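The chain contents come next:
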Amino acid sequence: MRCYVQSLTLAQFRSHARARVLADGRPVALFGPNGAGKTNLLEAVSMLSPGRGLRRAGADDLARRPAGLGWKIRAEVQGSDGTHEIETAAPPGQSRSVRIDGKLTPQLALGRVLAMLWLTPAMDRLWTEGAEGRRRFLDRMVMSFLPDHAEAVLTYERAMRERNRLLRDQIGDDAWYGALEHQMSESGAQITANRRTALLALAEATTGAQTAFPAAELSLTGPDDSPQPDTVADLRAALAEGRRRDMAAGRSLSGPHRADLGAVYAAKGQPAALCSTGEQKALLISMVLANARALMARRGLAPVLLLDEVAAHLDADRRAALYDEVLALDVQAWMTGTGQELFAGTGHRLQGLRVTQAEGISAIEEKELP
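Under an unreviewed UniProt entry, the protein chain has the name DNA replication and repair protein RecF and belongs to Rhabdonatronobacter sediminivivens. Taken verbatim from the UniProt record of the protein chain, the Subcellular location (unreviewed entry) comment is "Cytoplasm".

And the structure:
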């Protein structure tokens, strides 16, 4: 099943007082001057998936300023099980709501309608910064295979917050700890199992793939490459035995929230953190493309890709290779760039959309690419 966005309508979202995009299923090239709102359009598409979108902004931060009227996104999508209408909105000072086909529904339901993956310029630092960003990147890949993974993560994090509160307050009640550690061990073991399933799928999709981008060997590790408990029994034992140490630290020091994603440039045998900036970018693109291939192999599902400013960070040959691979995968990729020359050679194969803006009113007109 091929997933794609057919139409997107914004009201009071980021820089857009109003905007409407009609897409025909081809990969989309958004180009225009800086400040026209291209990334804001990608962010709006990302809000058709669970979570806080590609920039992890709070609901109030997404509203156009200074109006402060709240925001709304409406979209028609071809999803995993047919065509759907999605509406997500947040009135001022309120959390966002989600409706699918007119029915109010939890955010997690979005993951069962659309599979979505993205890369942003901020993620170029993924391999050199802290493990939290890499876990988030990994878990979004996992959710593309297993949408219920998000629920396991939420269950684990809620129980961990309560346990951490007990630790900080120096509470010594074994029964309270036992109940919370039971929840953490059950959901935590599921999180680890899900992550390993996704990494196996990515490895299978990478082996023998015809691609111009370097293969990454991925692994799941603990802090400083230390082993972490990954079964229900082992995790429960580690949490129980570590209460005194955790109380001194004021936080839980064992569990999947301490995991890290390791990556090695396979052809060179070099850790991603030691690669050049260009190599690190190429590895990230390789992983997203492998994720798309794996989804089609495992779920028969072609995801939506959001690639912000990806063209500007690749040379002409790599750009051409990326467009060719996106087209070969037959996915809808939304890509941004300042000029249409960044998409040269694609012609009618990509849907070119020029984005301009005046006084918050967006003009989005279709333009044939060179």
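From this point on, the discussion continues.
### Points about the packing of aromatic side chains
In this structure the tally under the stated criterion is two aromatic pairs. A centroid spacing of 5.6 Å and a plane angle of 80° characterise the contact between F13 and W71, whose relative ring orientation is edge-to-face. Placement of F13 in strand β1 (residues 4-13) and of W71 in strand β4 (residues 71-79) is noted, with a sequence separation of 58 residues between them. No difference in accessibility class separates F13 from W71, as the two residues are buried. Against the face of Y265 rests K268, its NZ or CZ located 5.3 Å from the ring centre.

### Describing the domain arrangement of the protein chain
Domain assignment breaks the protein chain into domain 1 (1-115 + 305-369) and domain 2 (130-300). When each unit is reduced to the centre of its C-alpha atoms, the spacing between domain 1 and domain 2 is 28 Å. Taken together, the contact between domain 1 and domain 2 spans 17 residues of the former and 23 residues of the latter. Applying the counting rule to domain 1 against domain 2 returns one salt bridge. In this structure, D148 engages R112 in a salt bridge whose closest nitrogen and oxygen atoms are separated by 2.7 Å. Seen at the junction of domain 1 and domain 2, the total is six residue pairs in polar contact (both at pLDDT 80 or more).

Cut-offs and rules
- Residues numbered from 1 in each chain as written.
- Predicted model: local features only at pLDDT ≥ 70, side-chain atom pairs only at ≥ 80, totals over all residues.
- Heavy atoms only, no water.
- UniProt positions renumbered as here; feature names shortened; annotations may be inferred.
- Phe/Tyr/Trp six-rings, centres within 6.5 Å; stacked < 30°, edge-to-face > 60°.
- Helix = DSSP H or I, 4+ residues; strand = E, 2+ residues; numbered from the N terminus.
- Buried < 20%, exposed > 50% of the residue type's maximum accessible area, 1.4 Å probe, protein only.
- Lys NZ or Arg CZ within 6 Å of the ring centre and 35° of its normal.
- Domains from an automatic or database assignment.
- Contact = heavy atoms within 4.5 Å.
- Salt bridge = Lys/Arg side-chain N within 4 Å of Asp/Glu carboxyl O.
- Polar contact = N/O pair within 3.5 Å; in protein donor to acceptor, adjacent residues only side chain to side chain.

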